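# Report on the structure
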Amino acid sequence: MRKLLTALATVCLSAGLSSALAANAVRTEGTAFKDPQGRTLMLRGVNLGGSSKVPYRKSEDPRTVSYVGRPFPLADADEHFRRLQGWGLTTIRLIIMWEAVEHEGPGKYDQAYLDYLREVVKRGQQYGMNFIIDLHQDFYSRATGGDGAPYWTVTKLGLGPDRTNEPGAPHKQPPRGPGYWPPTAARFSVNMMDTLFWAGNDFAPGLKVDGVPVQQWLQSHYVGAIKQVALTMRGLPNVIAYDTYNEPNHGYIGVKDLREPEFFMAFVGKHSAPDKLVPSYWDLMLAASGYAPEKPSVPVNRLWTKGVTDIWRSYGVWDVVNGKPRLLKPDYFATVNGKPADHVPYVAALQRRIAMEVREVAPDTLILQQPAVGKLSDLTLNLPGMVSQPHWYDGVVLMSKRYEPNVTYAMQGWPSPKEVRLEGREAVLGDYRARVGSLIDLAKQYGDLPTLIGETGIPYDLNGKHAYKTGDFSAQETLTGLMYQTLDEKLVSYLIWNYTADNNNAEGDGWSEEDLSIYSLDQRHDPADINSGGRALKQVVRPYPAATAGTPVSIRFDPASGDFEYRFKADPSIQAPTEIFVPQLHYPKGYDVEVANARYETKPGSSRLLVSGAQGDVVVKIRRKA
């Protein structure tokens with residue numbers, strides 16, 4: 001006979017620590033995250049932060065920049081960690097640039113920055129923050145229009161930075177606004193560097209830098225920078241994981257015909273400038289060598305320094321014939337040793353190397369794997385403590401920054417997806433459930449690993465920054481509500497992209513017109529209120545089971561009413577209580593609790609609801625106190 005224990009309590013809350021993850025080790029067991037007591041963990045947190053992609057102190061000479069102060073000055077650390085603690089977002093993917101660590105030159109590490117990072121992590125420990133170390137990159141480097149790698153990795157190969165598309169540069173010549181569109185010759189640099197980084201041995205055999213094969217030279221310095229961070233973090237128990245490589249791009253690997261539209265530019269162009277021409281890979285190659293592209297799709301901007309010839313020309317991909325450039329091997333990157341070129345094995349090899357190198361310093365750390373385009377079963381490493389870390393956005397909204405409430409576009413087909421319009425709340429939720437379900441299923445293809453959605457979020461500058469002009473964030477609340485409801489239903493751990501301490505309405509996150517921060521200085525009207533500055537918080541901040549003494553079954557939460565229901569299957573062998581984070585934001589006057597098949601307790605000044613003595617199927621219900 002099911003035993004029903006019902007009790008009502010009024011609990012006055014303050015921002016408190018959900019102790020389930022307070023400097024405890026996190027391990028994996030099958031597809032679950034576990035703590036030392038055997039409880040199933042649900043990780044919730046943020047990427048910290050968006051402006052970490054550009055230096056805190058800029059310089060005309062990229063060797064002398066400094067990232068000390070990213071993600072925020074140490075003097076501000078307590079404020080930001082206290083806020084994140086109050087929001088229950090206590091797993092931090094710490095965004096670090098390779099450039100930040102090794103900007104001065106090969107093997108020259110910025111010790112002041114490394115010391116600063118260690119202090120940031122130590123400060124976070126006081127607020128129950130656990131950290132995932134991420135040497136982040138987008139589009140390879142600031143020198144190629146993105147972020148990540150040091151400039152010298154590009155210039156030593158004879159390429160100059162594209163000053164028209166260089167995030168965080170003190171000056172741009174000629175001036176160009178930030179963002180992904182219009183395309184510039186920098187896209188050539190991105191694809192070239194990614195190809196050499198992953199597969200230089202196969203596509204540029206014999207190419208050496210400082211006497212070392214180019215692929216080995218690039219990867220060894222990258223791994224060396226990660227290891228320097230690991231050495232810096234040694235002994236800090238709240239560093240729980242290391243990412244391997246953010247959103248690995250295949251470059252030219254597997255491109256069947258260089259006359260094809262460049263994939264990323266084609267996707268961005270469709271939503272940013274549907275009436276404009278999209279450059280092909282060949283067009284970008286031409287522009288970067290000072291030749292007019294076949295289609296007037298990208299400005300000519302010679303990036304090769306004086307006296308240096310395009311590497312791919314030297315490998316016979318193209319040449320100048322009768323005074324005109326001619327593409328000779330359009331399928332040069334399509335095969336390796338007679339077989340279709342596949343990016344995945346290159347990614348897997350680096351992920352394995354990083355796992356081995358980092359675990360020489362931190363033997364028990366988790367290692368995060370991001371999927372790549374290709375045969376995903378080849379990502380299987382058969383190593384303990386591996387985690388699948390895909391990313392999830394509504395891609396059309398992300399690229400277009402336009403949103404119609406309760407509308408989305410399902411992507412059908414690959415690599416040239418067809419967008420199918422879906423209307424209505426249930427249709428959108430159905431599509432979102434399918435998308436997140438497919439991301440969770442990815443882990444089954446390379447080892448049945450636990451899943452952590454490493455990035456998810458929305459652009460807050462939707463619809464021409466309408467919310468900033470009117471104060472009406474209802475569109476953002478609708479979209480975030482649909483996304484986070486889906487993630488609740490799927491019982492998946494996730495990290496929000498992002499929290500940027502210096503975000504503002506005019507410049508967003510400070511990189512390439514991105515504006516996804518859940519906090520902004522321009523929404524902060526009361527410095528004494530930790531919630532002031534938050535965006536769409538009623539959807540972003542949610543109650544959730546941080547640690548479960550058993551197996552999670554379902555989560556339901558209605559932000560409007562505050563009704564929360566959590567069901568789980570109890571494991572009587574676990575002595576530690578189930579811990580549920582209950583945010584003050586949703587329960588300012590306290591809450592009532594109803595528990596079936598267990599007992600509960602709360603502590604004044606804490607945002608934790610503890611459920612113990614659980615047997616069988618447990619149901620926990622929370623209702624807002626009027």
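Residues numbered from 1 in each chain as written. Predicted model: local features only at pLDDT ≥ 70, side-chain atom pairs only at ≥ 80, totals over all residues. Heavy atoms only, no water.

## Some details on the overall build of the protein chain
The following threshold applies: Going along the chain from the N terminus, every DSSP run of H or I of four or more residues is numbered as a helix, and every run of E of two or more is numbered as a strand. Here the radius of gyration uses the C-alpha set of atoms, whereas the globule reference equals 2.2 Å times the residue count to the power 0.38. Three labels apply to residues, based on accessible area from a 1.4 Å probe with only protein chains included: buried if under 20% of the type maximum, exposed if over 50%, partly exposed otherwise in between. The Shrake-Rupley method, run with a 1.4 Å probe sphere, supplies the accessible areas, and residue values consider only the shown protein chains as cover.
Along the backbone of the protein chain there are 15 helices and 29 strands. In terms of overall dimensions, the protein chain is globule-like: its C-alpha atoms have a radius of gyration of 25 Å, near the 25 Å expected for 626 residues. Taken along its principal axes, the extent of the C-alpha atoms in the protein chain is 90 × 50 × 45 Å. Looking at the protein chain residue by residue over its 626 residues, the buried ones come to 59%. Accessible surface, the protein chain: about 23,700 Å² in total, of which carbon and sulfur atoms supply 50%.

## Brief notes about unusual backbone geometry
Pro 71 follows Arg 70 through a cis peptide bond whose omega is 20°. Residues Trp 497 and Asn 498 are joined by a peptide bond in cis, for which omega reads 5°. With respect to the helices and strands, Asn 498 occurs in strand S21 (residues 493-499). Even without glycine at this site, Asn 382 takes up a positive phi of about 55°. Examined against the element boundaries, Asn 382 turns out to sit in the loop between strand S15 (366-369) and strand S16 (386-388).

## Considering the pairing of strand S22 (residues 544-548)
This is how the line gets drawn: For two strands to count as paired, DSSP must find a minimum of two bridges between them.
With five of five residues buried, S22 is to be regarded as a mostly interior element. As paired elements, S22 and strand S25 (residues 578-581) share three bridges and run antiparallel to each other. Bridge pairing in S25 places Ala 547 opposite Glu 579.

## Some thoughts on helix H6 (residues 214-233)
One turn of the α-helix equals 3.6 residues, which is why residues spaced by three or four share an orientation. Rules: Expected helix span is given by 1.5 Å per residue-to-residue step, counting one fewer step than there are residues.
The end-to-end C-alpha separation of H6 is 29 Å, in line with the 28 Å expected for 20 residues at 1.5 Å each. Within H6, 16 of the 20 residues are buried, which leaves it mostly tucked inside the rest of the structure. Residue Gly 235 follows H6 closely and has a positive phi angle near 90°.

## Details of the packing of helix H5 (residues 186-203) against helix H8 (residues 281-288)
Helix-helix packing: each pair is described by the crossing angle between the helix axes and the interaxial distance. Definition in use: To obtain each axis, a line is fitted to C-alpha atoms, and for helices this fit is confined to the stretch in contact; angles are then taken between N-to-C directions over 0 to 180 degrees. Orientation categories follow fixed angle ranges, with anything under 35 degrees roughly parallel, anything over 145 roughly antiparallel, 65 to 115 roughly perpendicular, and all other angles oblique. Every residue pair with non-hydrogen atoms within 4.5 Å of one another is taken to be in contact. Polar here means any residue other than Ala, Val, Leu, Ile, Met, Phe, Trp, Tyr, Cys and Pro, which are nonpolar, and Asp, Glu, Lys and Arg, which are charged; Gly is therefore polar.
It is at 8 Å that the axes of H5 and H8 come closest, and there the two elements cross at 110°. What the angle tells us is that H5 and H8 run roughly perpendicular. Together, Arg 187, Phe 188 and Asn 191 of H5 and Tyr 281, Leu 284, Met 285 and Ala 288 of H8 make up the contact between the two elements. For the contact of H5 with H8, the residue count by class is five nonpolar, one polar and one charged.

## Considerations on the packing of aromatic side chains
Just so we agree on the cut-off: Any pair of Phe, Tyr and Trp rings, taking the six-membered ring for Trp, is counted once the centres come within 6.5 Å. Such a pair is stacked with planes under 30 degrees apart, edge-to-face with planes over 60 apart, and tilted for the rest. In this scheme, the term charge over a ring applies when either NZ of a lysine or CZ of an arginine sits within 6 Å of the ring centre and within 35 degrees of the ring normal.
Within the structure shown, the criterion is met by 36 aromatic pairs. Their ring planes at 55° and their centres at 6.4 Å tell us that Trp 312 and Tyr 332 sit as a pair that is tilted. With Trp 312 in helix H9 (residues 311-314) and Tyr 332 in the loop between strand S12 (324-327) and strand S13 (335-336), the pair connects residues that are 20 residues apart, well separated along the chain. Pair check on accessibility: Trp 312 and Tyr 332 agree, each one buried. The ring of Trp 511 has Lys 53 lying over it, and the distance from NZ or CZ to the ring centre is 3.8 Å. In this arrangement the basic side chain of Arg 313 is found over the ring face of Trp 318, its NZ or CZ atom lying 5.3 Å from the centre.

## With respect to the sheet that holds strand S28 (residues 608-612)
As summarised here, the arrangement of the seven strands in space is S2-S3-S4-S22-S25-S28-S27, forming an open sheet in which the pairing is antiparallel. Each edge of the open sheet carries a strand with a single partner, namely strand S2 (27-29) and strand S27 (599-602). As paired elements, S25 and S28 share four bridges and run antiparallel to each other. By the bridge assignment for S28, Thr 578 is matched with Val 611.

## Quick word on the pairing of strand S10 (residues 239-243)
The buried count for S10 comes to five of five residues, which makes it a mostly enclosed element. In this structure, S10 lies alongside S15, joined through three bridges in parallel fashion. Residue Tyr 242 lies in a different strand from S15, and its bridge partner there is Ile 367.

## Examining helix H3 (residues 111-125)
Short version of the rule: Think of the arc as the fan of directions from the helix axis to the C-beta atoms. In protein, a polar contact requires one atom able to donate a hydrogen and another able to accept it; more generally it is a pair of N or O atoms within 3.5 Å, and residues adjacent in sequence count only if both atoms are side-chain atoms.
Counted at 1.5 Å a residue, the expected span for H3 with its 15 residues is 21 Å, and the 21 Å between its end C-alpha atoms agrees. Three or more residues of H3 are buried, namely Tyr 113, Leu 114, Tyr 116, Leu 117, Val 120, Val 121 and Gly 124. The arc that holds the buried residues of H3, viewed along the axis, is 160°, so those residues lie on one side. Buried residues along H3 sit against helix H1 (77-86), strand S6 (91-97), helix H2 (98-102), strand S7 (130-136), H6 and S10. The opening residue of H3 is Asp 110, an N-cap whose side-chain oxygen sits 3.2 Å from the backbone nitrogen of Ala 112.

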